[in-house]
Structures are given as C-alpha cells and as structure tokens.
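Analysis of the macromolecular model
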Amino acid sequence: MTAQTLTLLCCLWWLSVPPTTSTEAGRKLQYLIEPPHQVEVTAHRGEAVVLPCILRLRPAHYNIKWTKQEGAPVGLENIVMIANARSFKPYGQFRSRASPRRAHVMDASLVLSELQLDDGGLYRCELINGIMDESVTVTLTITGVVFPYQGQKGRYSLTFQEAATACAEQDAVLASYQQLYQAWTEGLDWCNAGWTHNGSVHYPILQPRPGCGDEPVPGIRSYGPKDKQRDHYDAFCFTSATPGSVFFAPGSFSFQQAEPACLHLGAQLALVGQLYSAWRFQNLDQCDGGWLRDGSVRYPIRRPRKRCGGVPGAGVRSFGFPDQKKHLYGAYCYRP
C-alpha cells in the first residue's frame, strides 16, 4: 500500500466522522468563551439576574439561542430567547421577562427579571452559525426554603396534581430533588414521603429511627417515580423571599375571626409558604400559635427554647388543623 493510498484512506476516515459539538468533551470553543468553571448564579424570587455568555469571535451572521433544560429526559428544553446582533424575541413564560444584556458588542448574556420560583435550573447559551453551533451552560439557583405539606385530609392524601396545587395555594411550587437535598443538608428531617416536581417521591432523614425506613444511616429515602394519578403522598413545597412581611396578631380568635383581625390591620391571613419565608428570610420568631389561611395553626421558632415546644432545632411548628370554631388562637398576617 502506497503512502498516497494511506493518506487518502486517512482523509476519507476523517471526513466520515461526524463533527463534534461544543457540548462534547474535548472540543475547544471557537466563538464562545468557555468559563473557567461551572457558572452558578444565585438569587431570590423577584430579583433580576444576568446569566453570562461572552463571544470570543463574532461571526458575520449568527443567532444566539437561550434555552432552559426541563428535567428528564435529558435534552428536553424550553426556548427562553432567540437573538442576533440587531433584535431579539423571548418566548413562553419568559416573554415579558427575558432580554439580552448587550453591555458590549461581544456580550450575548441573558437578563431575566422578576424571577419566579420555577425559574431555577440549567440554562444553555447556544451560538448558531450556519450549520455549526456551540454552547455554554449556566445554572440559576433560586434561594429558598423547602417545607413538607399535608392537606386537611391528613397524611398521604394527595395525588401528584393535588400536591402541585396545594403548594401553589401556599405561595410555593413542588420542590426539586436538588432543593430537597439542600434542605436536608440544612437540617430538614421528615418521616413522611412527599412528591417532588418530577413525580418522584422521597423523604429526608437526619436521625434514623424506627418507622422511618430500615437504613441505619442518614439520607434521603426514595420511592422513585410513582403513579401521578393513583398514588397518594404528602408534598414537599419550595418557596422563596416575598415582597411583603408576616407579623403576629395577638388575640383569641376562631378561624372565622382571624381573617377580619388581619384585615383590620391592613393585611390578610398569611399562607403557609409566606410564614416559612418570613421564618427563613425575616428571622420571624414567635412562640404563639396562630391561624393561617389554609386553616392550620403554626408558629415559627428561630431561637429554640424549652417553653416553645421543647424541640431543639429551629423550625416552623404545627398544631395541624384544629376545630375552626372551638379552638382559639392568634393570627399570622401578611402585609404586601
């Protein structure tokens, strides 16, 4: 076999190999600057953020497509915005909140305003230049708090959709596994299994004990994906900072009297998510049970003490759903 034949075969082999994209390992980006490490942007609900994406070279004709990866299966993406050097178009839930930053001619960064609870996740900045494309990714994390939730029907009474609705009614969304994991590292210990946003069911255990699984070590116990229509569990909800404030209205109110008491103070009866948000972000500490809008009675503790339930850790304590006419408590009010 001659040297010319070897060269020809080598070239034919090279042409037969499909071109790699920027997401495949080992290829150096040509048009986009590769971040030195995985970029993570953290913010509260309601804030505005910049997800960075910077050009190294500027092609004559190109588009920038920003997408958000939406869980499994990998590759399922929602378009956030498509832009070129002159114009841009946002899509879907980002239609009124997404825009390019354009701090300079090489800037392809995305601005997201009025962040919502479900905006967190993995975002992809893709440069499209003819038949070539390359991309970088940015993780957006919404700072918040995860809380377990049961409806008035009691333990394990919620289908997946009912759990999602219950969280939404309490100013929250179903938590992701990553958010549940973060809450577990921060001290969440709960022996009842609950839905998360992708339809899987888990519960976090820091102190193993009888009746909370067979494993003798801490961890997040998992039931895996469950039937969203037939199976019933509790919910793990996620909320973030609120634009308003929660305060305690002292008194001895039935549930029917609690809402007028808040209205008299220029407020409304607080939601469970709003109480958790105030406990987490406003350091609300009150050793008095109070009605919330769902009919439950709770109180937030930042400084654990013997006469406030006797539980050593900080948290929001619950009395469940007392009789709304016979039991008298104060009220937790939310002022926007």
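Below or above, wherever it landed, is the structure these notes cover. (Residues numbered from 1 in each chain as written. Predicted model: local features only at pLDDT ≥ 70, side-chain atom pairs only at ≥ 80, totals over all residues. Heavy atoms only, no water.)

Bringing the overall build of the protein chain into the picture now. Counting its secondary structure elements, the protein chain contains five helices and 21 strands. Computed over C-alpha atoms, the radius of gyration of the protein chain comes to 25 Å, more than 25% over the 20 Å expected from 2.2 N^0.38 for 336 residues, which places it beyond the range of a compact globule. When its C-alpha atoms are laid out on the principal axes, the protein chain stretches across 95 × 50 × 35 Å. With 336 residues in all, the protein chain has 44% of them scored as buried. Long-range pairs, those at least 24 residues apart, make up 61% of the contacts in the protein chain with a sequence separation of at least 6. (Helix = DSSP H or I, 4+ residues; strand = E, 2+ residues; numbered from the N terminus. Rg over C-alpha atoms; globule rule 2.2 N^0.38 Å. Buried < 20%, exposed > 50% of the residue type's maximum accessible area, 1.4 Å probe, protein only. Contact = heavy atoms within 4.5 Å.)

Attention shifts here to the sheet that holds strand 6 (residues 98-100). Judged by pairing direction, the sheet is antiparallel, and its three strands sit side by side in the order 2-7-6 without closing on themselves. Each end of this open sheet is capped by a strand with a single partner; those strands are strand 2 (49-51) and strand 6. When strand polarity is set aside, the average angle formed by the axes of neighbouring strands in this sheet is 30°. By the bridge criterion, three bridges tie strand 2 to strand 7 (residues 110-112) in an arrangement that is antiparallel. Counterpart to valine 50 in the pairing with strand 7 is valine 111. (Pairing = 2+ DSSP bridges. Axes fitted to C-alpha atoms, helices over the stretch in contact; angles between N-to-C directions.)

Sheet architecture is open: six strands sit in the order 1-9-8-3-4-5, paired in mixed fashion. Of all strands in the sheet, those with a lone pairing partner are strand 1 (39-43) and strand 5 (88-90), marking the two edges. Each neighbouring strand pair of the sheet contributes to a mean axis angle of 25°, computed without reference to strand direction. Two elements, strand 8 (residues 121-129) and strand 9 (residues 132-142), share nine bridges in a ladder whose sense is antiparallel. Bridge pairing in strand 9 links glycine 121 to leucine 140.

For the rest of this paragraph, the subject is the layout of surface pockets. One number sums up the size of the largest pocket: a volume of about 1100 Å³. Forming the boundary of the largest pocket are 41 residues, of which Gly120, Ser176, Gln178, Gln179 and His197 lie nearest the centre. Secondary-structure elements contributing two or more residues to the lining of the largest pocket are strand 1, strand 3 (63-69), strand 8, strand 9, strand 10 (144-149), helix 2 (160-169), strand 11 (173-174) and helix 3 (177-185). Here the lining of the largest pocket gets six residues from one element, more than from any other, and that element is helix 3. Tallied by class, residues from the lining of the largest pocket come to 17 nonpolar, 17 polar and seven charged. Empty space within the second largest pocket amounts to approximately 910 Å³. (1 Å grid on protein atoms, 1.4 Å probe; cavity = no way out; pocket = protein on both sides within 12 Å on 5 of 7 lines; lining within 4 Å. Points joined across faces, edges and corners; volume = space filled by probe spheres on them. Nonpolar A, V, L, I, M, F, W, Y, C, P; charged D, E, K, R; others polar.)

Take the environment of leucine 115 next. Along the chain, leucine 115 turns up in the loop between strand 7 and strand 8. In this structure the C-alpha to C-alpha distance between leucine 115 and alanine 43, which are 72 residues apart in sequence, comes to 8.2 Å. Excluding its chain neighbours within four sequence positions, the residues that come into contact with leucine 115 are Ala43, His44, Arg45, Gly46, Glu47, Val49, Arg97, Leu140 and Ile142.

Quick look at helix 3 now. Residues of helix 3 that are buried: Gln179, Leu180, Ala183 and Trp184. End-on, the buried residues of helix 3 take up no more than an arc of 140°, which puts them together on one face. Residues of helix 3 that are buried make contact with strand 10, strand 11, strand 13 (200-205), strand 14 (219-225) and strand 15 (234-240). (Arc of directions from axis to C-beta.)

Turning next to the nonpolar core. Residues Leu51, Trp66, Val80, Leu110, Leu112, Tyr123 and Leu140 are the most contacted members of the largest nonpolar core, which totals 74 residues. Here this core gets five residues from one element, more than from any other, and that element is helix 5 (residues 272-281). The residues touching valine 80, leaving out its near neighbours within four places in the chain, are Trp66, Thr67, Lys68, Lys89, Pro90, Tyr91, Phe94, Ala98, Leu110, Leu112 and Tyr123. Of all hydrophobic cores here, the second largest spans 14 residues; its members include Ala267, Leu269, Trp291 and Ala331. (Core = buried A, V, L, I, M, F, W, Y, C linked by side-chain atoms within 4.5 Å.)

Right, let's talk about helix 4 (residues 255-264) for a bit. What helix 4 keeps buried is the set Phe255, Ala258, Ala261 and Cys262. On an axial view of helix 4, the arc spanned by its buried residues comes to 100°, and they lie on one face. Pointing more than 90 degrees away from the buried face of helix 4 are the exposed residues Leu263 and His264. The inward-facing, buried residues of helix 4 abut strand 16 (245-253), strand 17 (268-269), strand 18 (290-291) and strand 21 (329-335).

This model, assessed by the stated rule, comprises five disulfides. Cysteine 191 shares a disulfide with cysteine 212; S-S distance 1.8 Å. When the S-S torsion is -125°, as for the bridge of cysteine 191 with cysteine 212, the disulfide is left-handed. Placement of cysteine 191 in the loop between helix 3 and strand 12 (194-195) and of cysteine 212 in the loop between strand 13 and strand 14 is noted, with a sequence separation of 21 residues between them. (Disulfide = S-S within 2.5 Å.)

Here tyrosine 156, not a glycine, exhibits a phi torsion of approximately 55°, which is positive. Inspection of the secondary structure assignment puts tyrosine 156 in the loop between strand 10 and helix 2. Positive phi, close to 60°, is recorded for aspartate 171, a residue that is not glycine. Secondary-structure assignment places aspartate 171 in the loop between helix 2 and strand 11.

Quick look at the packing of aromatic side chains now. Describing an aromatic ring pair means giving the distance of the ring centres and the angle of the ring planes. A full pass over the atoms with the stated rule returns 14 aromatic pairs. Centre to centre, the rings of phenylalanine 147 and tyrosine 276 are 4.6 Å apart; their planes meet at 15°, and the pair counts as stacked. Of this pair, phenylalanine 147 sits in strand 10 while tyrosine 276 sits in helix 5, and the two are 129 residues apart along the sequence. The pair phenylalanine 147 / tyrosine 276 is uniform in exposure class, with both members buried. With 5.9 Å between their ring centres and 70° between their planes, tyrosine 203 and tyrosine 223 make a pair best called edge-to-face. (Phe/Tyr/Trp six-rings, centres within 6.5 Å; stacked < 30°, edge-to-face > 60°.)

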